[in-house]
Amino acid sequence: MTLKNEAESVVGARPPGTGGTEVSGSSTKFTAIILAGKRSGNDPVASIFGLEYKALVPLVGRPMIAYAVDALRMSRSVGDIHVVFDGEDELFSSCSNLKEELDAANVKVVATAKSICESIIKAIEETGSQFPYLVTTADHALLIPEVADYFCEQAETLSGLGAGFVEEKYIKEMYPNSKRTYLPFRDTNLSGANLFAFMSPDSIKVLEFWKNVENERKRPWKLFKAFGFINLVGLMLRRLSVKGAFKRASKVLGVETVAVRLPYAEAAIDVDSPRDYMQVTKILESRNS
């Protein structure tokens, strides 16, 4: 089965009511960044295979990162693709076949920085600030071109940051046993889809803001101070709608920040745990068959 046919055949990724809908793709070409560096500490998935990097874990006969690369390479909305990794030598020495795949897809490697936020900023700077940017992760193995196109098409009218989410109802309908983390809002529950659109230089403000607080996760009062007590309590008590919450976040961050809702259950399923690995393996095997 070709990658194009695979993308067209994933009916299970759509909720009822969207089957047969063609996604035209964004008219704007996004520069793609795939985050593939090592996490702090031992990754629970990579450690099972005795590997240092989760991005290189074998998944249905291929390195995990290869699936995200394929999806972006075949997306009509994506132009250049860059992989953020600890080093080009480290990437290819442990997975020689991957070099051929990335060379064929004309993928460039950018070295990581001290943190995720700093790595994204560094990648944007080193790639010449070719906005807009589509950022995703190497463990997004279920990503398909159709989903990337849909996300980019929804995000291209924004001026700041678009973050991809999937509503709980879509995930529960397709994969009721899938364990996902949800943000509770007044009107729905959302699970992150590891898709981010940085539409302009102004969107870097989000990274600069989060870079200043990402090391304060063990000191909650710092986060309360950063986002505002009323905003956080309102979210935790489900008093804010999705639109209302992100409108308040935009004021705090100083840049438009919007939740882009994706009607694709599999967009929210990445490989964060051994349980996820088994689920994603089954889904990929089902696609191949």
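First, a word on scope: everything that follows refers to the structure included in this document. (Residues numbered from 1 in each chain as written. Predicted model: local features only at pLDDT ≥ 70, side-chain atom pairs only at ≥ 80, totals over all residues. Heavy atoms only, no water.)

## Comments concerning the overall build of the protein chain
Here comes step 1: What the protein chain contains, in helices and strands, is 12 helices and 10 strands.
Here comes step 2: Looking at the 289 residues of the protein chain, the share that counts as buried comes to 52%. (Helix = DSSP H or I, 4+ residues; strand = E, 2+ residues; numbered from the N terminus. Buried < 20%, exposed > 50% of the residue type's maximum accessible area, 1.4 Å probe, protein only.)

## Overview of a nonpolar patch on the surface
Here comes step 1: Together, Ile48, Phe49 and Leu51 make up an exposed nonpolar region whose accessible area comes to about 250 Å².
Here comes step 2: Along the chain, phenylalanine 49 turns up in the loop between β1 (30–35) and β2 (58–59).
Here comes step 3: Judged by relative accessible area, phenylalanine 49 falls into the partly exposed class, the value being 34%. (Patch = residues over 30% accessible without salt bridge, like charges linked within 9 Å, V, L, I, M, F, W, Y side chains within 5 Å. Areas by Shrake-Rupley, 256 points an atom, 1.4 Å probe, with all protein chains shown as cover. Salt bridge = Lys/Arg side-chain N within 4 Å of Asp/Glu carboxyl O.)

## Concerning helix α6 (residues 145–155)
Here comes step 1: Most of α6 is tucked away, with 9 of its 11 residues classed as buried.
Here comes step 2: Within α6, the full set of buried residues consists of Pro145, Glu146, Val147, Ala148, Asp149, Tyr150, Phe151, Cys152 and Ala155.

## Points about the pattern of salt bridges
Here comes step 1: In this structure the tally under the stated criterion is 16 salt bridges.
Here comes step 2: Residues lysine 38 and glutamate 52 are paired through a salt bridge, measuring 2.7 Å at the closest nitrogen-oxygen approach. Here lysine 38, found in the loop between β1 and β2, pairs with glutamate 52, found in the loop between β1 and β2; they are 14 residues apart in sequence, far enough to count as distant.
Here comes step 3: Look at lysine 38 and you get partly exposed, because its relative accessible area is 41%.
Here comes step 4: One connected set of salt bridges, linked through shared partners, spans Asp43, Lys54, Asp139 and Asp272.

## A short note on unusual backbone geometry
Here comes step 1: Residue phenylalanine 131 is joined to proline 132 through a cis peptide bond whose omega torsion reads 0°.
Here comes step 2: One can find proline 132 in the loop between α5 (116–126) and β6 (133–137).
Here comes step 3: With a phi angle near 50°, valine 60 is a residue other than glycine that sits in the positive phi range.
Here comes step 4: In this structure, serine 129 takes a positive phi of about 50° despite not being glycine.
Here comes step 5: Tracing the backbone through its elements, the reader meets serine 129 in the loop between α5 and β6.

## Observations regarding the environment of isoleucine 121
Here comes step 1: Tracing the backbone shows isoleucine 121 in helix α5.
Here comes step 2: For isoleucine 121, a relative accessible area of 11% corresponds to the buried category.
Here comes step 3: Note: C-alpha distance between isoleucine 121 and isoleucine 204 (83 residues apart in sequence) is 7.3 Å.

## Considering the packing of aromatic side chains
Here comes step 1: Under the counting rule described, the total for this entry stands at 6 aromatic pairs.
Here comes step 2: Seen in terms of ring centroids, tyrosine 53 and phenylalanine 85 are 4.4 Å apart; in terms of plane orientation they differ by 45°. Their pairing is tilted. Separated by 32 residues along the polypeptide, tyrosine 53 in the loop between β1 and β2 and phenylalanine 85 in strand β4 (residues 78–85) bring together distant segments of the chain. The burial state of tyrosine 53 is the same as that of phenylalanine 85; both residues are buried.
Here comes step 3: Ring centres of tyrosine 150 and tyrosine 264 lie 5.5 Å apart, and the angle between their planes is 75°; on these two criteria the pair is classed as edge-to-face. With tyrosine 150 in helix α6 and tyrosine 264 in the loop between β10 (257–261) and α12 (274–288), this pair connects stretches of sequence that are 114 residues apart.
Here comes step 4: Of the residues examined, tyrosine 264 reaches a relative accessible area of 4% and is grouped as buried.
Here comes step 5: What links up through ring pairs into an aromatic cluster is the set Phe165, Phe185 and Phe246.
Here comes step 6: Here the basic side chain of arginine 62 rests over the ring of tyrosine 67, its NZ or CZ set 5.1 Å away from the ring centre. (Phe/Tyr/Trp six-rings, centres within 6.5 Å; stacked < 30°, edge-to-face > 60°. Lys NZ or Arg CZ within 6 Å of the ring centre and 35° of its normal.)

## Comments concerning a positive patch on the surface
Here comes step 1: A contiguous patch of positive charge, built from Lys243, Lys247, Arg248 and Lys251, is present on the exposed surface.
Here comes step 2: As for its placement among the helices and strands, lysine 247 is situated in helix α11 (residues 242–253).
Here comes step 3: Here lysine 247 falls in the exposed class, since its relative accessible area comes to 56%. (Lys, Arg positive; Asp, Glu negative; His and termini not counted. Charge placed at Lys NZ, Arg CZ, Asp CG, Glu CD.)

## Here's the deal with the environment of serine 75
Here comes step 1: Within the secondary structure layout, serine 75 lies in the loop between α2 (65–74) and β4.
Here comes step 2: As a C-alpha pair, serine 75 and valine 147 span 72 residues in sequence and 8.7 Å in three-dimensional space.
Here comes step 3: With near-sequence residues (within four places) excluded, serine 75 lies in contact with Pro145, Ala148 and Asp149.
Here comes step 4: Side-chain polar atoms of serine 75 contact the backbone nitrogen of serine 77, separated by 3.1 Å. (Contact = heavy atoms within 4.5 Å. Polar contact = N/O pair within 3.5 Å; in protein donor to acceptor, adjacent residues only side chain to side chain.)

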